[in-house]
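Below are the chains, spelled out letter by letter.
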Amino acid sequence: MEQLEKQIQTDMVSAMKAKDAVRLAALRGIKAAILLAKTSEGGNGEVTDSEIVKIIQKLVKQRKESAEIYTQQNRPELAENELAEASAMEVYLPKQLSEAEVEAELAKIIAETGASQPSDMGKVMGVATKKLAGQADGKLISTIVKRLLAK
């Protein structure tokens, strides 16, 4: 069992004891997704911490998208719950870089890859998504790369 998985298990127990329903629901969601990943076809029964981080990122993104839909449908109480679960999950993610930090990293990557025009975006994105995995949203990365290569 990986370190992050143990931490989630421990936190689940403390959330139960504290009767923290939102946090417990968020942790149960993570636990279920980890279990699903472990037992999925092609899975070897183990998940690494980096895979768990990807799972949590996906769950947070789903919660935020759901909250957006609920807000559009004028259901603020449901949106609030989704956002509360998302923030409870974000505790287990690595610190996100600011837009300026992402831009600085991408400028370095563009220099390293020798990219100079928008058609080089694929080269840059390949390196950037690996290097900035878990630290920045893919959409933000691609927006900044487009902007930098268009100069």
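For the structure given in this document, a descriptive report is provided here. Please read all numbers here as calculations on a predicted model, not as lab measurements. (Residues numbered from 1 in each chain as written. Predicted model: local features only at pLDDT ≥ 70, side-chain atom pairs only at ≥ 80, totals over all residues. Heavy atoms only, no water.)

## A look at the side chain of E5
The residue E5 is located in helix α1 (residues 3-17) in this model. Under the relative-accessibility criterion, E5 is labelled buried at 2%. A polar contact is formed between the side chain of E5 and the side chain of K38, at a distance of 2.9 Å. (Helix = DSSP H or I, 4+ residues; strand = E, 2+ residues; numbered from the N terminus. Buried < 20%, exposed > 50% of the residue type's maximum accessible area, 1.4 Å probe, protein only. Polar contact = N/O pair within 3.5 Å; in protein donor to acceptor, adjacent residues only side chain to side chain.)

## Some points on unusual backbone geometry
Although it is not a glycine, K19 adopts a positive phi angle of roughly 55 degrees. Among the structural elements, K19 can be located in the loop between α1 and α2 (21-39). Residue class for K19 comes out exposed when judged on its relative accessible area of 72%.

## Some details on the layout of surface pockets
The space that makes up the largest pocket amounts to roughly 660 Å³. Listing elements by their share of the lining of the largest pocket, those giving two or more residues are α3 (49-72) and α7 (138-150). Of the residues forming the lining of the largest pocket, the biggest block, nine residues, is contributed by α3. Looking at the lining of the largest pocket residue by residue, the class counts come to eight nonpolar, six polar and eight charged. (1 Å grid on protein atoms, 1.4 Å probe; cavity = no way out; pocket = protein on both sides within 12 Å on 5 of 7 lines; lining within 4 Å. Points joined across faces, edges and corners; volume = space filled by probe spheres on them. Nonpolar A, V, L, I, M, F, W, Y, C, P; charged D, E, K, R; others polar.)

## Quick notes on the pattern of salt bridges
Under the definition given, this model contains twelve salt bridges. Among the ionic pairs, R63 bridges to E82, the shortest N-O distance being 4.0 Å. Placement of R63 in helix α3 and of E82 in helix α4 (residues 76-90) is noted, with a sequence separation of 19 residues between them. Between R147 and E103 there is a salt bridge; the shortest N-O distance is 2.6 Å. In this pair, R147 sits in helix α7 while E103 sits in helix α5 (residues 99-113), placing the two residues 44 residues apart along the sequence. Overall, R147 belongs to the partly exposed group, its relative accessible area being 36%. Taking the relative accessible area as the measure of exposure, E103 reaches 24% and is therefore partly exposed. When salt bridges that share partners are traced, they join E105, K108, E112 and K131 into one network. (Salt bridge = Lys/Arg side-chain N within 4 Å of Asp/Glu carboxyl O.)

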